[in-house]
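Here are the chains, one letter per residue:
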Amino acid sequence: MLRRSGLLGVCQAYGFRDMGVFFDWASLFQKDPKLWTEAELTAEEKRTEDQRRAAERYRDSRTEAQAQAAKFALDHTMDLWYAHAKTTVVLLTELPKKLPKSFGAIRTYDSRGWTTYERCSAELCKTFRLQQAGWPLVIDLGKQRAALRRLPTTPERMEELFKKCSFTNGADRVQVLEKYKKTARAVLGGVKELSFFGIPFDPKDPWRSPERLGQALNFCVNLKRLDLNFTGLTDEHLASISGVLSSGALPQLEQLFLGFNRLGPRGVEALGSALVRGVAPGLKVMFFVGNDLGDAGLQSFAAFIAMGKARELQLVDLGSNDIGDAGAVALADAVRLRLASDECKVGTLFLVGFNHVGMRGRLALSAAVKIKNRAPDFIQFFISNNHNALFPRALVEGIKRTFKHEAYSYLHAEYHRDHHARSKRDLLVDAQE
């Protein structure tokens, strides 16, 4: 098969055989550009009689059927162009070198209302990486790479953005804001999986602040899986996310992945306080691998378990968290209370490998599940001797720190322009041609 040039060639190179390309507004029925006048830049109530007649001629240059088709696309299907999880959005964020004299160079991509709407819509639920196809779903041709991934924009934040954005027609501002509110609520309310794997949180960057994510999660009423692995999540970050979650948020969440971050005891406390408020009552899987919880962090988690929360938990992975006997004993005491009260309705498996649990901790965990003739597999603790007390603490922690440092450096490099170039960059350059 001969390779096509341009964007179609890029898609073909990635293995896409059946596809369609929609060129934004240009694919809709357009008014006659020869009849365009600067009257279009003037609000209707401020137009002179001559400007009003010129605007009417421009408006009537489409047939009634063409105008209705364009209006239907804008009113009913536009959100799918950008926000659908499976569409690829190509952004043209840089202006061409040669511009018409009537075009103001200050009207940049980020300062315009419609382009702001389009990009924020595209960022609501797109997959950050499509590993199987190796295809970024939001591409910035101006930067010749995948677009810098930003966290979802809530309707309230969009309203603030629009106060600083310009529209060719001032009347569009209210219309576009209402359209975005409808789109954001529908997309965030319907999404079942969100992955921000490898995206570094930054409280100083309003587009990647933890608080921004927390606000967006309040709209995710059907979300079942949230992946925040390798995001550099700290105690402060998790406190910011948890602090803005409303009571009863994430009612369908079942799987929470917080692995390979920088979480410690205060982060666990912040998460626990949110769960006590009724956030994510149906959690079944919690993944804490590769953090820095320590004994204090596990004691905080154990206190949450002892309170009778998260009754649906089936798997908790606490591997590689610098946990010793004190943390293991606290968890054993919490589980003993839950079993004694007959509150446990499902079996739970706790994975505590690659820690420093010694004989005292193992005995406490084993004894906790033997009360009241419970079946031995109802509550299980998987503890490998080879991956706990028999391994030197300094060695395990050193390996973990090295691994996390290398992983962060690799995953976060794309957010710094002076670092690694993205793979397949030559294909993206072809798309510009």
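**Considering the confidence of the model for the chain**
- Summing up the model confidence of the chain, the mean pLDDT is 81 and the portion of residues at 70 or higher is 76%.
- Segment residues 372-377: pLDDT under 50, and seven contacts once partners within four positions in sequence are set aside and those in other chains are kept.
- Contacts for the low-pLDDT stretch residues 417-433, under 50 throughout, to residues beyond four places or in other chains number 31 contacts.

**Details of the packing of helix α3 (residues 64-83) against helix α6 (residues 172-190)**
- Between α3 and α6, whose axes approach to 10 Å, the crossing angle comes to 55 degrees. Judged by the angle between their axes, α3 and α6 are oblique. In this structure, α3 meets α6 at a crossing whose hand is right-handed. Together, L74, D75, M78, D79 and A83 of α3 and Q175, K179, K182, T183 and V187 of α6 make up the contact between the two elements.
- For the contact of α3 with α6, the residue count by class is four nonpolar, two polar and four charged.

**Remarks on empty space enclosed by the protein**
- Tallying each qualifying case throughout the model produces two cavities of 30 Å³ or more.
- Here the largest cavity is characterised by a volume of approximately 140 Å³.
- In terms of lining residues, the largest cavity is bounded by 17 residues, among which L226, L245, L250, L256 and L271 are the most central.
- When residues of the lining of the largest cavity are traced back to their parent elements, those giving at least two are α8 (235-244) and α9 (265-276).
- Partitioned by chemical class, the residues of the lining of the largest cavity number 16 nonpolar, one polar and no charged.

**Focus on the nonpolar core**
- One finds L194, L217, L223, L226, F288, F301 and L318 to be the most contacted residues of the largest nonpolar core, which totals 86 residues.
- For this core, the element with the highest residue contribution is helix α11 (residues 325-340), accounting for eight residues.
- With residues up to four places along the chain from it excluded, the contact list for L194 reads L124, C125, L217, C220, L223, R225, L226 and D227.

**So, the environment of L365**
- With respect to the element layout, L365 can be found in helix α12 (residues 359-368).
- Look at L365 and you get buried, because its relative accessible area is 1%.
- Sequence spacing of L365 and Q380 is 15 residues, and the spatial spacing of their C-alpha atoms is 8.7 Å.

**Details of helix α2 (residues 49-59)**
- Within the sequence span of α2, burial applies to A54, A55 and Y58. Looking straight down α2, one finds its buried side chains confined to an arc of 100 degrees; they lie on one side.

**Description of the packing of aromatic side chains**
- Under the counting rule described, the total for this entry stands at ten aromatic pairs.
- Between F162 and F167, the ring centres sit 5.3 Å apart and the planes meet at 90 degrees, which makes this aromatic pair edge-to-face.
- The class of F167 is buried, set by a relative accessible area of 12%.
- Aromatic pair F260 and F287: ring centres 6.4 Å apart, planes at 55 degrees, arrangement tilted. Taken together, the residues span a long stretch of sequence, with F260 in the loop between β6 (255-257) and α9 and F287 in strand β7 (residues 285-287) at a distance of 27 residues.
- By way of ring pairs, the aromatic residues F197, F230, F257, F260 and F287 are connected into one cluster.

**Focus: the environment of V221**
- You can see V221 is positioned in the loop between α7 (210-217) and β5 (225-227).
- Between the C-alpha atoms of V221 and Q252, which are 31 residues apart in sequence, the distance is 6.5 Å.
- Not counting residues up to four positions away in its chain, the partners in contact with V221 are L188, G189, P251 and Q252.

Procedures and definitions
- Residues numbered from 1 in each chain as written.
- Predicted model: local features only at pLDDT ≥ 70, side-chain atom pairs only at ≥ 80, totals over all residues.
- Heavy atoms only, no water.
- pLDDT = per-residue confidence, 0-100.
- Contact = heavy atoms within 4.5 Å.
- Axes fitted to C-alpha atoms, helices over the stretch in contact; angles between N-to-C directions.
- Helix = DSSP H or I, 4+ residues; strand = E, 2+ residues; numbered from the N terminus.
- Parallel < 35°, antiparallel > 145°, perpendicular 65-115°, else oblique.
- Left-handed = near helix turned anticlockwise from the far one by under 90°.
- Nonpolar A, V, L, I, M, F, W, Y, C, P; charged D, E, K, R; others polar.
- 1 Å grid on protein atoms, 1.4 Å probe; cavity = no way out; pocket = protein on both sides within 12 Å on 5 of 7 lines; lining within 4 Å.
- Points joined across faces, edges and corners; volume = space filled by probe spheres on them.
- Core = buried A, V, L, I, M, F, W, Y, C linked by side-chain atoms within 4.5 Å.
- Buried < 20%, exposed > 50% of the residue type's maximum accessible area, 1.4 Å probe, protein only.
- Arc of directions from axis to C-beta.
- Phe/Tyr/Trp six-rings, centres within 6.5 Å; stacked < 30°, edge-to-face > 60°.

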